[in-house]
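Overview (structure and organization)
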Amino acid sequence: MVARHDLTTDPGLQAQLLQARRGTAFFARKLNELTDAQLDGDSLLPGWSRRHIAAHIGYNARAIARLIEWAATGVETPMYPSVAVRDEEIEFGATLSPIALRNLFDHSAVHLSVEWRDLPDDAWHHTVRTVQGRDVPASETVWMRSREVWVHAVDLDNGATFADIPEPVLERLLKDITGAWHTRGTDKGLQVRVTDSDLTFGDPDAAVVITGPLPAVVQWATGRGTHGVGADGTAGQVPAAPKWI
Ligand code: ZN
């Protein structure tokens with residue numbers, strides 16, 4: 001059956017779907033503002049041009065759509081056969097003509113949106129596996145996509161900033177990132193304090209405290225520079241954030 005609106009009746013999930021689709025529209029806007037020649041320019045990610053970012057976001061939508069098909073049918077279809085294949089696919093995608101690259105982004109985004117729309121309520125609980133090997137409910141794919149489109153829109157480096165990213169997305173990102181540090185034990189002696197809200201993460205007895213407004217702190221935590229953040233306990237030097245991914 002083909003629905004004209006999302007089949008899920010879960011209000012939390014509906015809100016997350018809206019956030020992911022808004023992020024996709026935001027990424028689309030930034031991508032469309034770039035001329036074909038500008039696609040050849042550098043992104044904010046070392047070694048990646050804007051073409052790599054666009055290809056990655058396109059293939060990411062396809063990969064996440066495979067997880068939704070898995071959740072819908074029960075037939076296991078991984079995101080990618082392997083991390084190496086994922087990386088090769090991005091390298092290949094970056095060589096596509098500008099029109100093909102833009103089509104890849106557009107078509108894959110629409111396809112994913114339709115897969116989400118037509119997934120029945122009960123199937124959102126079905127377990128699928130991320131490329132990192134994590135077993136998650138299909139509902140987690142909405143956040144996986146949201147964070148990709150919002151953050152990589154900034155990486156296109158044509159005017160988007162972390163201040164453009166909605167607060168709930170920034171908060172969840174910071175929770176994810178500091179959680180990953182904690183799991184790996186790389187946050188020892190480090191605390192993160194958001195000055196424009198009540199958020200504090202990390203070691204309560206930390207010698208080093210990173211402070212700043214939410215967008216600046218998240219930008220720092222994702223490894224994208226120290227602009228707008230301060231540090232206590234380091235004689236003014238802001239240390240690099242521990243690795244996130
Ligand atoms: Zn990514």
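Residues numbered from 1 in each chain as written. Predicted model: local features only at pLDDT ≥ 70, side-chain atom pairs only at ≥ 80, totals over all residues. Heavy atoms only, no water.

1. A few points about the pattern of salt bridges
Working definition: two side chains of opposite charge can pair if their charged atoms are close together. Using the criterion set out here, one finds 13 salt bridges in the structure. Arg117 is the salt-bridge partner of Asp118, the closest N and O atoms lying 3.0 Å from each other. (Salt bridge = Lys/Arg side-chain N within 4 Å of Asp/Glu carboxyl O.)

2. Here we look at the side chain of His56
Among the structural elements, His56 can be located in helix H2 (residues 50–73). Setting aside chain neighbours within four positions, we find His56 in contact with Trp48, Arg86, Ile90, Glu148 and His152. (Helix = DSSP H or I, 4+ residues; strand = E, 2+ residues; numbered from the N terminus. Contact = heavy atoms within 4.5 Å.)

3. Comments concerning the environment of Ala25
In this structure, Ala25 sits in helix H1 (residues 11–33). Along the sequence, Ala25 and Ala123 sit 98 residues apart, while their C-alpha atoms lie 26 Å from each other.

4. Notes on the packing of H2 against helix H5 (residues 140–155)
Between two packed helices, the angle of one axis relative to the other and the distance separating the axes together describe the packing. Running from amino to carboxyl end, H2 crosses H5 at an angle of 175°, the nearest separation of the two axes being 11 Å. Considering the angle they form, H2 stands roughly antiparallel to H5. Seen from H2, the contacting residues are Ile53, His56, Ile57, Asn60, Ala61, Ile64, Leu67 and Ile68; seen from H5, they are Thr141, Met144, Arg145, Glu148, Val149, His152 and Asp155. Partitioned by chemical class, the residues of the contact of H2 with H5 number 8 nonpolar, 4 polar and 3 charged. (Axes fitted to C-alpha atoms, helices over the stretch in contact; angles between N-to-C directions. Parallel < 35°, antiparallel > 145°, perpendicular 65-115°, else oblique. Nonpolar A, V, L, I, M, F, W, Y, C, P; charged D, E, K, R; others polar.)

5. Looking at the sheet that holds strand S5 (residues 208–212)
Taken in spatial order, the 4 strands make up an open sheet running S4-S3-S5-S6, and their pairing is mixed. Pairing within the sheet leaves two strands with one partner each, and these edge strands are strand S4 (200–202) and strand S6 (230–232). Averaged over all pairs of adjacent strands, the angle between strand axes in this sheet comes to 20°, irrespective of strand direction. Examined bridge by bridge, strand S3 (residues 190–194) and S4 share 3 bridges and lie antiparallel to one another. Within S4, the residue paired with Gln191 across the bridge is Gly202. (Pairing = 2+ DSSP bridges.)

6. Section: the coordination of the zinc ion
Donor atoms from the polypeptide that coordinate the zinc ion comprise His56 (NE2), Glu148 (OE) and His152 (NE2), at 2.1 Å from the metal. Within one chain, the residues serving as donors to the zinc ion are arranged as H-x91-E-x3-H. Of the two residues, Glu148 and His152 are both situated in helix H5; the distance of 4 residues between them amounts to about one turn of the helix. Given a relative accessible area of 15%, Glu148 falls into the buried group. Residue His152 is classed as buried on the basis of its relative accessible area of 8%. (Donors = N, O, S within 2.8 Å, 3.2 Å for Na, K, Ca; no water. Buried < 20%, exposed > 50% of the residue type's maximum accessible area, 1.4 Å probe, protein only.)

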